[in-house]
Amino acid sequence: MAEIRFEDALKKLEKIVEELEQGDLSLDEALKKYQEGIELSRACTARLENAKKKIDVLAKNKKGDFELKPLDEDNVS
Amino acid sequence: MNGERHIFSVTEITQGIKLLLSRQYGSVWVEGEVSNFRPSSSGHWYFSLKDESSVLSGVIFSRAARDVPFKLEDGLKVVCFGSVDVYAPRGSYQLIIERIEPKGVGALQLALEQLKVKLEKEGLFAPEHKRDIPYLPGRIGVVTSATGAAIKDILKVLERRFKDVHIILSPVKVQGDGAKEEIANAIRELNEYNDACSRGDRIEVLIVGRGGGSIEDLWAFNEEAVARAIYASKIPVISAVGHERDVTISDLVADRRAATPSVAAEIVIPRKEDLRGQVRDLAMRMANSFEGLYADAAQRRADALGRLKTGMEHIWQLNRQSCESMSQKLLRANPALVIPEYIEKMREYARQIAVRAEHCIALKESRFGGVVEKMASLNPLNILSRGYSVTYLLPQEKIMKSAVGAKQGSSIRTRLSNGGLISTVTEVYGDGGDQV
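Analysis parameters
- Residues numbered from 1 in each chain as written.
- Chains lettered and ligands numbered in written order.
- Predicted model: local features only at pLDDT ≥ 70, side-chain atom pairs only at ≥ 80, totals over all residues.
- Heavy atoms only, no water.
- Axes fitted to C-alpha atoms, helices over the stretch in contact; angles between N-to-C directions.
- Helix = DSSP H or I, 4+ residues; strand = E, 2+ residues; numbered from the N terminus.
- Parallel < 35°, antiparallel > 145°, perpendicular 65-115°, else oblique.
- Left-handed = near helix turned anticlockwise from the far one by under 90°.
- Contact = heavy atoms within 4.5 Å.
- Phe/Tyr/Trp six-rings, centres within 6.5 Å; stacked < 30°, edge-to-face > 60°.
- Buried < 20%, exposed > 50% of the residue type's maximum accessible area, 1.4 Å probe, protein only.
- Nonpolar A, V, L, I, M, F, W, Y, C, P; charged D, E, K, R; others polar.
- Pairing = 2+ DSSP bridges.

A.B. asks: Help me out: how do you make sense of the packing of helix α3 (residues 107-122) of chain B against helix α6 (residues 224-232) of chain B in this one?
C.D. replies: Residues and elements named next belong to chain B. Look at α3 against α6: their axes get within 11 Å of each other, and the N-to-C directions meet at 25°. Of the possible angle classes, the one that applies to α3 and α6 is roughly parallel. Regarding α3 and α6, the two cross each other, and that crossing is right-handed. Every residue of α6 that contacts α3 at Leu115, Lys118, Leu119 and Glu122 is listed here: Glu224, Ala227 and Arg228.

Rendered as structure tokens:
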């Protein structure tokens, strides 16, 4: 759960909310969804606070294949 | 007129005119309106320059035509630089144009306007081609200079906003020779790279742009090659070129225009507090709807219980009713209740019997009356009154129907109509007086 992407977690959470709001779930299912939703919203919050940026440069290697290389930010600023 | 005539050859005259013209009009600026424009297949451009009353033929040879950034067209007002030359084989003269500029606007500006018209006609700016910019893209492709202001600004936005994003930079020259090719190529390469990526790793949006500069510095973003690459991109593109007032062709083709690279970054990289709010809202909605569901379930349970109770009562009621009606039927069927009826019936029968008996007696009586009358008529006493008598042999008091039994000396009693006689037999005889 810790490694889930924020947007995926958010989308899942939205889906759960919609399902719950439609109201045609059994109470058991709803409870399961609710618990999952709580975990997702926690994961979202954790991700929000602990996100790390990642910046790469797209380049082609000698074979002509694409490669991602980390950007040297010192060169940028 | 001394008879000496100088006769020129046609060539001499033509050469003379050519010399005169080249001396006088060897390097001139001419202003006029383009008409009858006809480019040849060899790349030379032929047309006429005209004003209200005159026409001048003109040509731009292919070498010069290549450097003209805009498109010549009839009606265009131009200023040309060149020389008037004679074309000897036809005896005609024309302006050989070295440079041509649109009148009033700059050549680049005109080129831009012409390209805009052309691309617009082709539908490159059509609103229906514009795609939505994804919210919260996981990967963002950036096409700009690795050392320019644009990438710096984007990284700054990232720093103060939500960092959970992967930026892939495709570094390019953004001005000068080769800039347009590099930009167009980078857009194509990011698309190619994306096609090979798994679904979750795809670049969801491109930011194509650069920081502010002069109109010439931004020119690459007005180039057709860049416009077409943006149009062809499968990844939605945000164009982010320079400062607000400069609208480039890239801006027009892109799915979204941002005034600066920072603004572009802000469009796709949301604020943390917005996201916090969103998560909070979702959690709240979830709690509310869950509570709603729970309340519903509780209500349903209560309803079911109520209905169960009502149902049971109903069933009980029904049973009770049928029980009651049965016992009532049973009561009605009690034989004790029938007895008075029978008694009544018996009484009725008795009455009927009495009536009938009386009737019967009356009948019998009336019949008996007749018999009595008859009997009266048969009464032996009555017969006696007619002169008959009855004789009883004594002492037996036996009615004598014949003389047999009586002997001489037997006592007999004779019954007459009003009294009798007791006599002693003195003689017995047979019928007709014969002795027995």
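More follows now that the structure is in view.
A.B. asks: Before we go on, may I ask you to explain the packing of aromatic side chains in this structure?
C.D. replies: Within a pair of aromatic rings, the relevant descriptors are the distance that separates the centres and the angle that separates the planes. Within the structure shown, the criterion is met by 6 aromatic pairs over all chains. Pairing phenylalanine 6 of chain A with phenylalanine 162 of chain B gives two aromatic rings, centres 4.7 Å apart and planes at 65°, and the pair type is edge-to-face. Taken together, the residues span two chains, with phenylalanine 6 of chain A in helix α1 (residues 6-22) and phenylalanine 162 of chain B in the loop between α4 (149-160) and β7 (166-171). You'll find phenylalanine 6 of chain A and phenylalanine 162 of chain B in the same group, each marked buried. Following the ring pairs from residue to residue traces out a cluster consisting of Phe37, Trp45 and Phe47 of chain B.

A.B. asks: Whenever I open this one, the packing of helix α5 (residues 179-196) of chain B against α6 of chain B confuses me. Can you help?
C.D. replies: Helix-helix packing is characterised by the crossing angle of the two axes and by the distance between the axes. Residue and element names in this part refer to chain B. With their axes 8 Å apart at the nearest point, α5 and α6 run at an angle of 10° to one another. With respect to α6, the element α5 is oriented roughly parallel. Taken together, the residues of α6 that come into contact with α5 (itself represented by Lys180, Ile183, Ala184, Ile187 and Arg188) are Ala225, Val226, Ala229 and Ile230. Residue composition of the contact of α5 with α6, grouped by class: 7 nonpolar, no polar and 2 charged.

A.B. asks: What am I meant to see in the pairing of strand β1 (residues 54-60) of chain A here?
C.D. replies: Side chains on a regular strand alternate between the two faces of the sheet. Note: β1 of chain A against β7 of chain B, 4 bridges, orientation parallel. Along β7 of chain B, the bridge assignment pairs lysine 54 of chain A with histidine 166 of chain B. Bridge count between β1 of chain A and strand β2 (residues 66-70) of chain A: 5 bridges; the pairing is antiparallel. Residue aspartate 56 of chain A lies in a different strand from β2 of chain A, and its bridge partner there is proline 70 of chain A. The turn joining β1 of chain A and β2 of chain A, which pair antiparallel and follow one another in sequence, is formed by 5 residues; a positive phi near 90° is taken by glycine 64 of chain A.

Bear in mind that shape data such as this cannot, by itself, settle questions of function.
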